[in-house]
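Remarks on the overall topology
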Amino acid sequence: MQFQLPSNLQTELLAYDPTLKVLAQKAKPTTTKKSKYPLGNIPHLIPHNVVRESDQQAAIDHINQQKAPDRYRVFTTPVDVATPQARLKVIAILYHYEQVWYAAWLPPRQQADEYVYGHAYAFKNTAAAAKTAPHHIWTSKDKCIEHEGSRGVQTFTYSMNITKEDITSKDDYALRSYQWRAANLYCQKGYQIRDNVVVEFEKSLRENIPTWEDSRGLFDRIRCKNIFDAIELPRQMSEFIDPSHGFTVDALVAAAEEFNVRATMSSSTYCTLTSIAHIITKPAIKKLLQAHLDQCMTRYNDSDNHHQKPIRQAWSTFLQVINAIDWINNIWTDCPIDYYQNYYQELLCVRLQNIRTRSIDANENILIDWLRKHMPVASLFKMLRKYAEGQDIRSLWVDSDVGYARYGFHELNDTFSMAIRILKHKGELTPPKRWRINEFHDYVQAESWKIQNPNESLRQDLFPEPIRVTRNGETWSFFQPVDTHQLAMWGQAVRNCVGSASHYADDIKKRKHFIVLCMIDGKPTFTIQLVVDMGLMSVKQIAGVANQRLTEEQREAYTEAFREVLQQREKQLGGLAATQETASM
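These lines cover the structure that appears in this document, whether it is placed above or below.

1. Some thoughts on the packing of aromatic side chains
- Summed over the entire model, instances satisfying the criterion amount to 31 aromatic pairs.
- Aromatic side chains tyrosine 117 and tryptophan 180 sit 5.0 Å apart centroid to centroid with 90° between the ring planes, which places their arrangement in the edge-to-face category. Taken together, the positions of tyrosine 117 in strand E4 (residues 117–124) and tryptophan 180 in the loop between helix H7 (173–177) and helix H8 (191–208) put the pair 63 residues apart, joining distant regions of the chain. Pair check on accessibility: tyrosine 117 and tryptophan 180 agree, each one buried.
- Clustering of aromatic rings is evident, with ring pairs tying together Phe463, Trp476, Phe478, Phe526, Tyr558 and Phe562.
- Here the guanidinium or amino end of lysine 189 rests over the ring plane of tyrosine 97, the centre of that ring lying 5.4 Å away.

Written out as structure tokens, the structure reads:
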């Protein structure tokens, strides 16, 4: 059942009728007039010799009618107008974002030598602007020009042409250099302005100024007044170097000495140069080091070089050698100069400064004292060369700081770290007979393991005593370790983890497996892990020296030898049983 309402009642009940309500709102005449300038008809921010007055006003009109993501205008000019399809280059930008108008422009050709770029901003003196505008803009009213706007609302504008001197000045540099970038442009409403306006303007700006293509800083190259800026030497340090004296080893050493006398801050680089000055000023070493500094200068002065990294790589190479020499000199102060020259390639590649020589208490030199007493510096250099020769250059990671592969020599670092632990705990460490990194590392690892793990007896259920067999003129000996420290010594001898991994010893005590050790003619050869299941003994794993896998010939020889010792053990047990039976009668 339906009822047609009279017109007056329809009007009275309009709020209950969604369809008629929408139609009524559409038919209702608009009484408010939309403002042409809701964002403000601001004064022109860009110089008229860059963008014409009429073009700027058209841009202001356009931006006022757009939604937030589209409130921008980019001004361009053709490049190479003689070509059929001339490329357009951005010369100025204008946009509105979060209560602030931003503008930036490139200088016209006739003023290119006067400034690098110009920027400006404008904002209304309203509560909304006070809440939203960046703090450094809102608080800059005393630097702005005040304009009386509509309805008595003030507008503030600020404009400045940035020169090279402004960019290289330390005062307020960060604030002025990227003033065309509004904050928070990475949110959804700002990404169009970022990509279509800010990024495009910066591309054009890069074409106008010298830049490092591999630097994130747009003005890093302009700020380079000399080689010291290019290698990013701290300003407090470079103040003590006179560029007129050249970029030389002698100049750096002289500046280091002056710096250490007069400076109030410390510098590891300058202290290092001072402490090893007697080494690096020797003609042979100085010549090698100077080659890196000359390479810095060559790359810095190359007009075709638009990258900072090659300059800094040469400097980092210089520091690599400096730090390596300093590391060695801290231990062996009497190291012959010839070693630094003859092993220069190793100094270039091995990062010695990362190898630990001191305990947590930096004043404790127990390892350094031990090395001075027991380890000849010649042995260190031989280990460095042996280590470097063993590196596969093709598989190494190239260190971008220097442009070539560097090695960490982690084995030596681990060895020295464990040696510190041993010396602090026992006060002594027997030096090796031969200085080979693998042997030295394994020996120290075993000694360190003993400190961290108490000695405990191990079961010898399979071989209470060693059993020997002779095969092809060789004597094979099989036995079980009597305690955890003997197991550790074995791990050191054969260079595997059986002595340092505690689970092997734990599982022996729990009868989960046997560990059997095999010597051939008195030399540690095989490590065997055996398990028993359903009366069947099987080899879980067997490894040679340094965990090497057995060849077929070795496996066959081991199988025959072990079968024979098991037969001997069976005879021992049979004889023991007979003896016990006789004794019980």
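2. Observations concerning the sheet that holds strand E9 (residues 467–471)
- The antiparallel open sheet is built from five strands, whose spatial order is E9-E10-E11-E12-E13. Edge positions in the sheet fall to E9 and strand E13 (536–543), since each has one partner strand and no second. Taken over all neighbouring pairs, the strand axes of this sheet differ in orientation by 30° on average, direction set aside.
- Judged from the four bridges that link them, strand E10 (residues 474–479) and strand E11 (residues 514–520) form a sheet pairing that is antiparallel. Looking at E11, one finds that tryptophan 476 is bridged to isoleucine 520.

3. What about helix H18 (residues 366–374)?
- For H18, the full list of buried residues reads Leu367, Ile368, Trp370 and Leu371. Looking down the long axis of H18, one finds its buried residues gathered within 160° of arc, a one-sided arrangement.
- For H18, the secondary structure elements touched by its buried residues are helix H15 (309–331), helix H20 (410–426) and helix H21 (437–452).

4. Some points on the sheet that holds strand E6 (residues 154–162)
- Read from one edge of the open sheet, six strands run E1-E2-E3-E4-E6-E5, paired in antiparallel fashion. The open sheet has two edge strands, strand E1 (72–79) and strand E5 (145–148), and neither has a second partner. Averaged over all neighbouring strand pairs, the angle between strand axes comes to 20°, with direction disregarded.
- Two elements, strand E3 (residues 100–105) and E4, share six bridges in a ladder whose sense is antiparallel. Across the sheet, residue alanine 103 finds its bridge partner in E4, namely alanine 120.
- Helix H3 (residues 53–64) rests against E1, strand E2 (87–97) and E3 of the sheet, and its axis sits at about 145° to E1.
- Seen against the sheet, H8 touches E1, E2, E3 and E4 and runs at an angle of roughly 135° to E2.

5. Considering the pattern of salt bridges
- Under the definition given, this model contains 18 salt bridges.
- Each of Arg87, Lys89 and Glu207 takes part in a single network of salt bridges with overlapping partners.

6. Some points on the layout of surface pockets
- Considered as a void within the structure, the largest pocket measures approximately 620 Å³ in volume.
- If you go around the largest pocket, you meet 24 residues; those closest to its centre are Pro107, Pro108, Arg109, Ala112 and Asn208.
- Those elements that place two or more of their residues in the lining of the largest pocket are E1, E2 and helix H6 (164–168).
- With three residues, E1 is the largest single contributor of residues to the lining of the largest pocket.
- Considering only residue class, the lining of the largest pocket consists of 12 nonpolar, five polar and seven charged.

7. Side note on the environment of proline 481
- For proline 481, the location among the structural elements is in the loop between E10 and helix H22 (484–494).
- A C-alpha to C-alpha distance of 7.4 Å links proline 481 and leucine 517, two positions 36 residues apart in sequence.
- Those residues in contact with proline 481, other than ones at most four positions away along the chain, are Leu458, Arg459, Gln460, Gln486, Leu487, Ile515 and Leu517.

8. A short note on unusual backbone geometry
- Unusually for a residue other than glycine, glutamine 99 sits at a positive phi of about 75°.
- Mapping glutamine 99 onto the fold places it in the loop between E2 and E3.
- On the basis of relative accessible area, glutamine 99 is assigned to the partly exposed category, the value being 31%.
- Of note in the backbone geometry, aspartate 521 takes a positive phi value of approximately 55° without being a glycine.

9. As for the nonpolar core
- Counting 78 residues, the largest nonpolar core has Trp315, Phe318, Ile328 and Trp332 as the members making the most contacts within it.
- At 12 residues, the largest contribution of residues to this core is made by H15.
- In this structure phenylalanine 318 touches Val249, Leu252, Leu273, Leu289, His292 and Leu293, once residues within four positions along its chain are discounted.

10. Points about the pairing of E11
- Counting buried positions along E11 yields six of seven residues, so the element is predominantly enclosed.
- Pairing of E11 with strand E12 (residues 523–533) involves seven bridges; the strand directions are antiparallel. Within E12, the position partnered with cysteine 518 by the bridge is phenylalanine 526.
- Between E11 and E12, which pair antiparallel and follow one another directly, the connecting turn spans two residues, one of which, aspartate 521, has a positive phi of 55°.

Definitions and cut-offs
- Residues numbered from 1 in each chain as written.
- Predicted model: local features only at pLDDT ≥ 70, side-chain atom pairs only at ≥ 80, totals over all residues.
- Heavy atoms only, no water.
- Phe/Tyr/Trp six-rings, centres within 6.5 Å; stacked < 30°, edge-to-face > 60°.
- Helix = DSSP H or I, 4+ residues; strand = E, 2+ residues; numbered from the N terminus.
- Buried < 20%, exposed > 50% of the residue type's maximum accessible area, 1.4 Å probe, protein only.
- Lys NZ or Arg CZ within 6 Å of the ring centre and 35° of its normal.
- Pairing = 2+ DSSP bridges.
- Axes fitted to C-alpha atoms, helices over the stretch in contact; angles between N-to-C directions.
- Arc of directions from axis to C-beta.
- Contact = heavy atoms within 4.5 Å.
- Salt bridge = Lys/Arg side-chain N within 4 Å of Asp/Glu carboxyl O.
- 1 Å grid on protein atoms, 1.4 Å probe; cavity = no way out; pocket = protein on both sides within 12 Å on 5 of 7 lines; lining within 4 Å.
- Points joined across faces, edges and corners; volume = space filled by probe spheres on them.
- Nonpolar A, V, L, I, M, F, W, Y, C, P; charged D, E, K, R; others polar.
- Core = buried A, V, L, I, M, F, W, Y, C linked by side-chain atoms within 4.5 Å.

Function-wise, these values are silent; they only describe arrangement.
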